[in-house]
Amino acid sequence: MSKSILQDKKECYICGLYYPVEEHHIYFGPNRNISEKQGFKVWLCSEHHRGTIGVHGKYGHALDTRLKQECQKKYINIGHTKEEFIKLIGKNYLDN
Ligand SMILES: [Zn+2]
Ligand SMILES: [Zn+2]
């Protein structure tokens with residue numbers, strides 16, 4: 001299992017709750033395996049994961065986008081290019 005590039009602690013990335021937490025692959029669906037391999041994942045409490053405002057929830061789109069942007073930023077900050085990211089994920093989540 002790879003390590004998250006976004007966090008060291010096993011706690012909800014959004015609210016800091018540390019138990020129980022679930023693993024979330026930031027670019028899920030067809031990019032889930034790539035997320036696993038690259039460490040594009042965070043821990044989330046069940047509310048921020050599968051609740052109404054959670055990343056997979058009915059009103060979770062903003063949070064989902066936020067995580068996708070923060071993860072792409074971090075990937076670039078640790079020494080990769082935007083092009084490398086797009087090659088992996090097939091999409092750019094940042095404006096610049
Ligand atoms: Zn939470
Ligand atoms: Zn998830």
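What you see is a predicted model, and the numbers here were worked out from it, not measured in a lab.

(A) The arrangement of the coordination of the zinc ion (ligand 1) in detail. The zinc ion (ligand 1) binds to the protein through Cys12 (SG), Cys15 (SG), Cys45 (SG) and His48 (ND1), with metal-donor distances spanning 2.1 to 2.3 Å. For the zinc ion (ligand 1), the four donor atoms in the first shell make angles of 102 to 115° at the metal, so the coordination geometry reads as tetrahedral. One chain supplies every donor to the zinc ion (ligand 1), and in sequence these donors are spaced C-x2-C-x29-C-x2-H. Like His48, Cys45 is buried.

(B) Layout of the packing of aromatic side chains. Counted by the stated rule, this structure contains seven aromatic pairs. For the pair Phe40 and Tyr75, a centre-to-centre distance of 5.3 Å together with 90° between the ring planes defines the contact as edge-to-face. On the criterion of sequence distance, the pair formed by Phe40 in the loop between helix 1 (32-38) and strand 2 (41-45) and Tyr75 in helix 3 (residues 61-77) is long-range, its members being 35 residues apart. By relative accessible area, Phe40 is classed as buried at 0%. Given the relative accessible area of 5%, Tyr75 is considered buried. Residue placement shows Lys10 over the ring face of Trp43; its charged tip is 4.6 Å from the ring centre.

(C) Spatial organisation of the pattern of salt bridges. Applying the stated criterion across every chain yields a total of six salt bridges. A salt bridge links Asp64 to Lys68, with the shortest nitrogen-to-oxygen separation between them at 3.0 Å. Taken together, the positions of Asp64 and Lys68, both in helix 3 and four residues apart, correspond to about one turn of that helix. Each of the two residues, Asp64 as well as Lys68, counts as buried. In the salt-bridge network here, residues are joined through shared partners; they are Glu23, Glu36 and Lys41.

(D) Seen up close, the nonpolar core. Counting 19 residues, the largest nonpolar core has Ile26, Tyr27, Phe40, Cys71 and Phe85 as the members making the most contacts within it. Within the residue set of this core, elements represented by two or more residues are strand 2, helix 3 and helix 4 (82-89). Those residues within four positions of Cys71 in sequence are excluded, and the remaining contacts are Ile5, Leu6, Ile26, Tyr27 and Phe40.

Conventions used here
- Residues numbered from 1 in each chain as written.
- Chains lettered and ligands numbered in written order.
- Predicted model: local features only at pLDDT ≥ 70, side-chain atom pairs only at ≥ 80, totals over all residues.
- Heavy atoms only, no water.
- Donors = N, O, S within 2.8 Å, 3.2 Å for Na, K, Ca; no water.
- Tetrahedral: all angles 85-135°; square planar, octahedral: opposite > 155°, others 65-115°.
- Buried < 20%, exposed > 50% of the residue type's maximum accessible area, 1.4 Å probe, protein only.
- Phe/Tyr/Trp six-rings, centres within 6.5 Å; stacked < 30°, edge-to-face > 60°.
- Helix = DSSP H or I, 4+ residues; strand = E, 2+ residues; numbered from the N terminus.
- Lys NZ or Arg CZ within 6 Å of the ring centre and 35° of its normal.
- Salt bridge = Lys/Arg side-chain N within 4 Å of Asp/Glu carboxyl O.
- Core = buried A, V, L, I, M, F, W, Y, C linked by side-chain atoms within 4.5 Å.
- Contact = heavy atoms within 4.5 Å.

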